[in-house]
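Here are the chains, one letter per residue:
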Amino acid sequence: MGTATTPTALGDGSEPFVMARDLSLGDLRMKAYQHVDLDLARGQAHALCAQDQGGKTELLLTIAGRMHPTSGSCTVAGNDVRTLRGMHAARKLASIAFIDNVNEVESGLRVRTIVSAELGLAGKRSGSAPTRAFLAEWGLLEQADETIEALSQMDYDRLGIALAMAHDPQLLCVADIERDLTERETLELVDELKGLAAERGVTVACGVLDYDLAARFDSATCLTDEARAQQAAWLQSHRYGKVA
């Protein structure tokens, strides 16, 4: 694998909220991501593009302070995540939406029960009225009495984002927005994530499979050779049009 390239969008030219150079995670038995460079501007939505098993989830967990990189450098809001202190600081700044085998919730629980518990964990009022107000804010009030297993994939993804945002993070990490969704639904989620970044000032990092989708974000980073091949094809097809 070569060095990942990053079309960045740093806005006002300030220091990136997340910055990595030659970042890798792996050993002789396993390689998650390799030689990644990142410049994720504060208050923007960024795509991390790779195929399945391409290291997206591990990279998201690294910048969220949940996994320790093997080599290279990485800072989140100036905190060096190669150190335990830096990882702890990044973890306090970051929230992650639902990721399989990381933070799923019990499928038989009702949405309102989960939201109430999460609001309590975030140190916020968690009674019936504040829970319903929170659900209404995120367009999920009609799903309050549904169980997790009864939710559509779109509502499940939105719930994961909402629960992560209950903690008012500075960094929001999201994965799998293409899984079991229509193209229209996926594009709606991209617009919603970009809106969150612009309106609330949160930095969003989102793992995606398809570079066509990655190009709709404020910036896109290709983690693998396959993703870079997608990027090259996309750039070729858009060479006479507007490049996102």
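Up top is the structure these notes are about.
Presented here is a report on the structure given in the accompanying data block. Please read all numbers here as calculations on a predicted model, not as lab measurements.

With that settled, consider the overall build of the protein. Along its length, the protein carries eight helices and nine strands. What you see for the protein is a C-alpha radius of gyration of 18 Å, in line with the 18 Å of a compact globule of 244 residues. Overall, the C-alpha framework of the protein stretches about 50 × 45 × 40 Å when taken along its three principal axes. For the protein, with 244 residues in total, the buried portion stands at 48%. If you take every contact in the protein between residues at least 6 apart in sequence, the share linking residues at least 24 apart comes to 69%. In the form shown here, the protein has an accessible surface area of approximately 11,800 Å², with 48% of it arising from carbon and sulfur atoms. Between the mean site of the 24 positive side-chain charges and the mean site of the 35 negative ones, the protein shows a separation of 5 Å.

What follows concerns the sheet that holds strand 1 (residues 18-26). The sheet built from four strands is open, its strands ordered 2-1-4-5 with antiparallel pairing. The open sheet has two edge strands with one neighbour each: strand 2 (31-40) and strand 5 (79-80). In terms of strand pairing, strand 1 meets strand 4 (residues 71-76) through five bridges, oriented antiparallel. In the sheet register, Val18 faces strand 4, and the bridge partner there is Val76.

Parameters at a glance
- Residues numbered from 1 in each chain as written.
- Predicted model: local features only at pLDDT ≥ 70, side-chain atom pairs only at ≥ 80, totals over all residues.
- Heavy atoms only, no water.
- Helix = DSSP H or I, 4+ residues; strand = E, 2+ residues; numbered from the N terminus.
- Rg over C-alpha atoms; globule rule 2.2 N^0.38 Å.
- Buried < 20%, exposed > 50% of the residue type's maximum accessible area, 1.4 Å probe, protein only.
- Contact = heavy atoms within 4.5 Å.
- Areas by Shrake-Rupley, 256 points an atom, 1.4 Å probe, with all protein chains shown as cover.
- Lys, Arg positive; Asp, Glu negative; His and termini not counted.
- Charge placed at Lys NZ, Arg CZ, Asp CG, Glu CD.
- Pairing = 2+ DSSP bridges.

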